[in-house]
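Chain and residue survey
Okay, here's what each chain looks like letter by letter:
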Amino acid sequence: MKFSETWLRSWVNPSIDRNALGDALTLAGLEVEGIEPVAKAFTDVIIGEVLSLSKHPEADRLQICSVNVGASELLSIVCGASNVYVGMKVAVAMIGAKLPNDLTIKASKIRGVPSAGMLCSALELGLREDGQGLLDLPSDAPLGESLREYLKLADHVIEVSITPNRGDCLSIRGLAREVSALTQTAYQEPAVKIMAPDIADSLPIQLIAHDDCPRYVGRIVRGINAAEKSPIWLQECLRRSGIRSISPAVDVTNYGMLELGQPMHAFDLDKIDTGIEVRKAKAYERLQLLDDTTQDLTEATLVIADKKGPLAIAGVMGGLDSAVTENTTNIFFESAYFTQASVASSRQHYQIQSDSAYRFERGIEPHLQERAIERATELL
């Protein structure tokens with residue numbers, strides 16, 4: 001498991017440095033496999049705002065950007081990114097900035113037009129391993145502030161190898177309790193706000209395979225904007241744990257899983273027919289999964305289904321047809337307790353790897369489901 005040192009220390013902050021913290025975890029049986037900075041080294045990258053755009057006279061794919069970095073004069077920077085727009089908050093590498101891969105920014109002319117710096121992508125800054133386009137910062141990002149300070153990049157990722165009997169440590173909450181015990185340091189668990197329902201909607205749930213799923217909690221949320229982006233702090237928390245930001249509805253379930261240890265799933269409510277059934281698959285049922293594979297289900301497989309058929313392999317992976325997309329406006333959150341044996345059987349049979357299955361196989365807390373769904377709702 002990968003986790004942010006800063007995130008862990010927001011729960012429990014022993015008076016030892018990160019190397020001593022790593023040694024303590026390793027001696028307790030949670031072997032630390034590596035400690036790395038959350039971002040590659042770079043200097044003199046600050047936050048700016050694109051005030052205007054004009055076409056480059058000698059190149060169709062280039063634009064001349066007038067950029068405000070909070071100084072007395074605006075910067076004129078030539079940019080070829082397709083996602084640049086007026087009003088965009090961007091990462092600006094100033095003249096003299098040093099970027100990853102030994103790149104130093106110098107005053108230059110690009111096809112005859114002076115360029116006083118560089119607008120940066122997350123890839124160019126070493127914040128992502130892939131992706132295209134400029135890093136699009138929130139509209140309230142403060143002009144002129146160091147990007148390293150704004151994103152709190154003075155942080156490290158600690159990677160721990162979790163043995164099968166320590167599923168309780170597959171979350172910040174579990175690790176905080178462990179560190180608290182190891183260092184005799186009190187830990188502070190953030191309060192979860194109880195979200196009072198303001199709609200009367202309900203969805204019938206039948207626990208047919210009760211032995212494999214003794215507890216299933218759901219919540220309906222209407223009127224979301226799934227095309228919106230998650231806040232940058234949430235994207236960064238996920239990135240530092242090795243998880244890609246997808247959409248707010250999905251991101252809050254992943255954040256909750258990392259924070260509390262409870263895997264969750266978000267369905268598109270409008271794609272669920274009548275209600276939810278937690279049951280074993282029927283002969284000849286098939287399901288196209290989120291990884292775009294289609295599985296022929298066996299009668300030993302625990303599934304989440306509606307009246308039309310399976311929606312997910314329980315605890316392992318959701319189906320593509322009921323997935324949250326940019327067009328989703330209403331969602332159904334699932335937070336359930338699936339037994340270790342049922343999830344392990346499905347994962348092994350279909351040879352599927354997922355963060356959810358990894359945790360269910362090692363055992364989760366049996367009374368965490370309601371708290372997790374309240375946390376996801378609060379975050380959303």
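These notes cover the structure that comes with them. (Residues numbered from 1 in each chain as written. Predicted model: local features only at pLDDT ≥ 70, side-chain atom pairs only at ≥ 80, totals over all residues. Heavy atoms only, no water.)

**Describing helix α6 (residues 248-260)**
- An ideal rise of 1.5 Å per residue puts 18 Å on 13 residues; α6 measures up with 18 Å between its terminal C-alpha atoms.
- With 13 of 13 residues buried, α6 is to be regarded as a mostly interior element.
- Phi turns positive one or two residues past the end of α6, at Gly261, with a value near 95°. (Helix = DSSP H or I, 4+ residues; strand = E, 2+ residues; numbered from the N terminus. Expected span 1.5 Å × (residues − 1). Buried < 20%, exposed > 50% of the residue type's maximum accessible area, 1.4 Å probe, protein only.)

**Brief notes about the packing of helix α7 (residues 340-350) against helix α8 (residues 355-362)**
- In the contact formed by α7 and α8, the axes pass within 7 Å of each other and the chain directions differ by 135°. As far as their axial angle goes, α8 and α7 are oblique. Every pair of crossing elements has a handedness; the one defined by α7 and α8 is left-handed. Counted together, Gln340, Val343, Ala344, Arg347 and Gln348 of α7 and Ala357, Phe360, Glu361 and Arg362 of α8 form the full contact between these two elements.
- Residue classes in the contact of α7 with α8 are distributed as 4 nonpolar, 2 polar and 3 charged. (Axes fitted to C-alpha atoms, helices over the stretch in contact; angles between N-to-C directions. Parallel < 35°, antiparallel > 145°, perpendicular 65-115°, else oblique. Left-handed = near helix turned anticlockwise from the far one by under 90°. Contact = heavy atoms within 4.5 Å. Nonpolar A, V, L, I, M, F, W, Y, C, P; charged D, E, K, R; others polar.)

**Concerning the sheet that holds strand β15 (residues 265-268)**
- The strand order β14-β22-β15 describes an open sheet built from 3 strands, whose pairing is antiparallel. Each edge of the open sheet carries a strand with a single partner, namely β14 (215-222) and β15. Put simply, the sheet's adjacent strands are angled 25° from each other on average, direction ignored.
- Both β15 and strand β22 (residues 330-337) contribute to a ladder of 4 bridges, which runs antiparallel. Bridging across to β22, His265 finds its partner in Glu334.
- Contacts from α6 reach β15 and β22 within the one sheet, and its direction differs from that of β22 by about 20°.
- Where helix α9 (residues 369-379) meets the sheet, its contacts fall on β14 and β22, and the angle it forms with β14 comes to roughly 15°. (Pairing = 2+ DSSP bridges.)

**Digging into the packing of aromatic side chains**
- Counted according to the given criterion, the structure contains 4 aromatic pairs.
- A ring pair is formed by Trp7 and Tyr255, whose centres lie 4.9 Å apart and whose planes are at 20°; its orientation type is stacked. One end of the pair, Trp7, is in helix α1 (residues 5-9); the other, Tyr255, is in helix α6, and 248 residues separate them in sequence. For the pair shown, Trp7 and Tyr255 are each scored as buried.
- An angle of 65° between the planes, with centres 5.2 Å apart, marks the rings of Phe338 and Phe360 as edge-to-face. Of this pair, Phe338 sits in the loop between β22 and α7 while Phe360 sits in helix α8, placing them 22 residues apart in sequence. (Phe/Tyr/Trp six-rings, centres within 6.5 Å; stacked < 30°, edge-to-face > 60°.)

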